[in-house]
Structure formats: structure tokens, C-alpha cells
Amino acid sequence: MNLPSLHAKVAMRVGGAYTLGALGTKHVIDQATPLVCEAIDSMELPAHGFTLCDMGCADGATSLEMITAAIETVRKRAPGLPIFVVHADQPLNDYNALMNVVHDLAEVESFLPRYEGVYPVASATTFFRQILPPDTLHLGFSANAMHWLSAKPGNISNHLQPVGATGAELDAYQAQAERDWETLLLHRGAELVCGGHLVLAPFAIDEKQRYLGNTDGESVFENLNSIWQEFVNQGVITESEYLEMNHVQYYKSEPEWRAPFEDSSGSVWSAGLRLVSIENRVVPCPFATSFKQHGDVQRFIDEYIPSIRYWSESIYAGALSSERPQAERDNIIEHYYQTYAERVRKRPEAHKMDHVNAYMVIKKV
């Protein structure tokens, strides 16, 4: 699968819907914010302008406080220094929603009205390509985005996500993820100035084999997969449609994240990139945490199901045959998430989507 066809099937829901379901992502970014500020404090600031890039920004709302903190950290040391903020995502991102958020036209408070000399722009350039000119980036940031792959390495016959793959099918995804990780790093290495930093918080598999939605209780991906398998068995969708629903992504373990930095003869090392620190963290599901307090099952369903739907719906809707009438495809999608909701209703205390992330700081030397 080439990049344009991948983009055609993967896009967060538009109209600001991303942030409504992405409270967990904001909590991940909030935990990364001290690392961003520490990285900036460790740098020698430039004389003429500081460039920050948020890669995989979606509608921008989840990272507003992080960017504000970064601006504050720069300005404490260099009050008049111009700051260039690049919001980057893939071409089908909802850039209207992004610009509304950044320019303070949405229901969240933007950093922009608070500061003079801050210049935001949007880039519809995937992070599998170079986003900025060489030697211009001071701080690169990304959260919950770099698990996506640049191409589909093959079908997973019995699951939607590589966490359920085995044998040659899993090997193909591992190999693609290894290549993509090197590609991502080499592009960032070209963009970064000497002394510049990356702060990344991608989805990961930790040492206890925990990953997004699979910490204890019901597994999100097992539920997502088994419902579609039921739909195949019931004749609601075809086997070929099911195979098209494979998630083109991969969650790395710590050794896999570390590998390019440990090869002193490799291209990443030669590009000057060094891993300063890495730590796996579990960020609790905010909706399950809240449910423990309020106990309202319907409220939990109304919050929890959209938090899964906002990032998965485009994958599944794009996999349904174009020969089906649009209304039929819409009905299948609605039926799917209603089925998931009923599973949650039966055992609400067992459902949650904890985030598992690798928090990394990388420096160009």
C-alpha cells in the first residue's frame, strides 16, 4: 500500500470530533510536557528564532498546553525571541478544525492571543518525509502517532492489529516498523539543529506485554476484532472486507525503540542522534477512572465508545466495499459500535483504554 492509499483510509473524525474523544491523548501529552521544558532548558537558544514542530497534531487541541509551556520556557530565557510553531499531520487531517483551535476560534483557549512574536503554520506533510529544511528544527514533538506505518506489509489473517499476529505475518509488520522507525529518525536528524531535541511519546508494548487498551480487564483490540469476526460469520461483511480492516500500525518494545541508537556504525548514529532517556508509562483511561466515581453506566458508554471510535472508524469505513450503498455502509458502522456499547453495558467495570507509551528524549549531537 502506498502513502496516498493509506491516507485515503486513515483520518481522524473531522469537525473537531478528534479532541472530544482524545482526553487520554491529552493526558499522555501532559505527562510529556515536563520533558519538553527540560529539553528546552538544556539547549543553547538561537539568536534569531526558535522552531517547534508538533508531528501528528490532529486538531491541535490536545497539545495546546504543551506548546504554551514550551513558549513560556523559551521566553523566560529569551523574552523577545521569535517562535515558529509548525503543526504537522498527514494530508487528510482536518486543517480547518486545527486552524480554528490555534487561532482561538474554538471552545479551547489557544496560546496564540497570549504572545507576541509567535508564528503558527500548518504542514500537510507526513512525518515519513522531511517536514522542515535541514538544520532548522530546535524541538520536535510527537505523541500517539508514530505507531502508524508508511505501508501495509501484508494481511493479518485472524486479527485486526499486529498485537494479534503471529509467524510470518507478524514478522512482516516488525520489519516494516523497523524500516519506518529508521526513516522517521533520519528525517528528524536532517531537520534538527545541532543540540536540538525530540520528545516522543508513541504507543508501545511494555515489559509486562501491556499496550493500548490491554492492561487488565477486557482488551480493546480483542473486542474490536471479535465483533468484526462475528459480522463475517453472520454475513454482515465479507472476509475480504475484514482483511482490509487490518490496522497499518505496530507497537514497539523498548529494545525495538533503542536498536537504531545502539548501532554505532548505523545511519541513525551517523546522523548524530542519541537516545537520552526512555521510559514506559501507563496512563490510565480517564473515562474508566471517572466511571469509578460516578457509576453511571450510560454516561460511561457515551464517553468511552467515542474515545475508540474517533481513531478507528475511518479504518473500518474505508474497508467496506464501495459497491455497497453509502447508507448500508453507514448502518454497518453504526451497528458495529452499538454492538461494542452493549458489550460494555454488560460488564462496564471490565472495560477501559489505558494508554501505554514510551516516553523518549533524543538529542542531535
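**Remarks on the overall build of the protein**
Moving on, step 1. Along the backbone of the protein there are 13 helices and seven strands.
Moving on, step 2. Dimensions of the protein along its principal axes, counting C-alpha atoms only, are 65 × 45 × 40 Å.
Moving on, step 3. Only carbon and sulfur atoms are counted for the fraction: they give 51% of the accessible area of the protein, which is about 15,100 Å².
Moving on, step 4. Each charge class in the protein was averaged separately, 29 positive and 46 negative side chains, and the resulting centres sit 2 Å apart.

**Here's the deal with the sheet that holds strand β2 (residues 83-88)**
Moving on, step 1. A sheet is described by the order of its strands in space; here seven strands give the open sequence β3-β2-β1-β4-β5-β7-β6, paired in mixed fashion. Here the strands that pair on one side only, and so sit at the sheet edges, are β3 (118-123) and β6 (273-283). For this sheet the average axis-to-axis angle between neighbouring strands, irrespective of direction, equals 15 degrees.
Moving on, step 2. Pairing between strand β1 (residues 50-55) and strand β4 (residues 137-143): three bridges, direction parallel. The residue bridging L52 from the neighbouring strand is L139, located in β4.
Moving on, step 3. Along the sheet, helix α5 (residues 95-102) makes contact with β2 and β3, crossing β3 at roughly 170 degrees.
Moving on, step 4. Sheet strands in contact with helix α6 (residues 167-191) are β1, β4, β5 (192-201), β6 and β7 (355-364), and its direction is about 140 degrees off that of β5.

**Considering unusual backbone geometry**
Moving on, step 1. Here the phi dihedral of A58 falls at roughly 55 degrees; this positive angle occurs in a residue that is not glycine.
Moving on, step 2. With respect to the helices, strands and loops of the structure, A58 is situated in the loop between β1 and α4 (64-77).
Moving on, step 3. Phi at Q209 takes a positive value of approximately 65 degrees, unusual for a residue other than glycine.
Moving on, step 4. When you line up the elements, Q209 lands in the loop between β5 and α7 (220-234).
Moving on, step 5. Q209 sits in the exposed class, given a relative accessible area of 52%.

**Brief notes about the pattern of salt bridges**
Moving on, step 1. Inspection of the entire model under this criterion finds 18 salt bridges.
Moving on, step 2. Among the ionic pairs, D354 bridges to K352, the shortest N-O distance being 3.4 Å. Per residue, the accessibility class of D354 equals that of K352, and both read buried.
Moving on, step 3. What you see here is one network of salt bridges that share partners, running through K26, D30 and E65.

**Remarks on the pairing of β2**
Moving on, step 1. Most of β2 sits inside the fold, with five of its six residues counted as buried.
Moving on, step 2. Pairing of β1 with β2 involves six bridges; the strand directions are parallel. Of the residues in β2, the one forming a bridge with L52 is V85.
Moving on, step 3. Pairing of β2 with β3, which is carried by six bridges, proceeds in the parallel orientation. Paired with I83 across the strands is V118, a residue of β3.
Moving on, step 4. Taken together, β2, α5 and β3 constitute a β-α-β crossover, and its handedness is right-handed.

**Observations regarding the packing of helix α11 (residues 286-294) against helix α12 (residues 297-319)**
The angle between the axes and the distance between the axes are what describe a pair of packed helices.
Moving on, step 1. The geometry of α11 relative to α12 is characterised by a closest axis approach of 10 Å and an angle of 175 degrees between their N-to-C directions. Relative to α12, α11 is oriented roughly antiparallel. Residue-level inspection shows F287, A288, S290, F291 and H294 of α11 in contact with α12, the latter providing V297, R299, F300, E303, Y304 and S307.
Moving on, step 2. When grouped by side-chain class, the residues that make up the contact of α11 with α12 number six nonpolar, three polar and two charged.

**Brief notes about the packing of aromatic side chains**
Moving on, step 1. The tally for this structure, following the rule as stated, stands at 15 aromatic pairs.
Moving on, step 2. Pairing F127 with F128 gives two aromatic rings, centres 5.2 Å apart and planes at 75 degrees, and the pair type is edge-to-face. F128 matches F127 in its accessibility class, with the two residues each being buried.
Moving on, step 3. Taking 5.1 Å as the distance between ring centres and 25 degrees as the angle between the ring planes, the aromatic pair formed by F300 and Y304 counts as stacked. Pair noted here: F300 and Y304 are both in helix α12, with a separation of four residues, about one helical turn. A single burial state applies to F300 and to Y304, both of which are buried.
Moving on, step 4. The positively charged end of R274 is found above the aromatic ring belonging to W269, 3.6 Å away from the centroid.
Moving on, step 5. It is R281 that lies over the ring of Y359; its NZ or CZ is 4.2 Å from the centre.

How each quantity is defined
Residues numbered from 1 in each chain as written. Predicted model: local features only at pLDDT ≥ 70, side-chain atom pairs only at ≥ 80, totals over all residues. Heavy atoms only, no water. Helix = DSSP H or I, 4+ residues; strand = E, 2+ residues; numbered from the N terminus. Areas by Shrake-Rupley, 256 points an atom, 1.4 Å probe, with all protein chains shown as cover. Lys, Arg positive; Asp, Glu negative; His and termini not counted. Charge placed at Lys NZ, Arg CZ, Asp CG, Glu CD. Pairing = 2+ DSSP bridges. Axes fitted to C-alpha atoms, helices over the stretch in contact; angles between N-to-C directions. Contact = heavy atoms within 4.5 Å. Buried < 20%, exposed > 50% of the residue type's maximum accessible area, 1.4 Å probe, protein only. Salt bridge = Lys/Arg side-chain N within 4 Å of Asp/Glu carboxyl O. Right-handed = clockwise from strand over helix to strand, strands pointing away. Parallel < 35°, antiparallel > 145°, perpendicular 65-115°, else oblique. Nonpolar A, V, L, I, M, F, W, Y, C, P; charged D, E, K, R; others polar. Phe/Tyr/Trp six-rings, centres within 6.5 Å; stacked < 30°, edge-to-face > 60°. Lys NZ or Arg CZ within 6 Å of the ring centre and 35° of its normal.

Keep in mind these numbers describe shape, not what the thing actually does.
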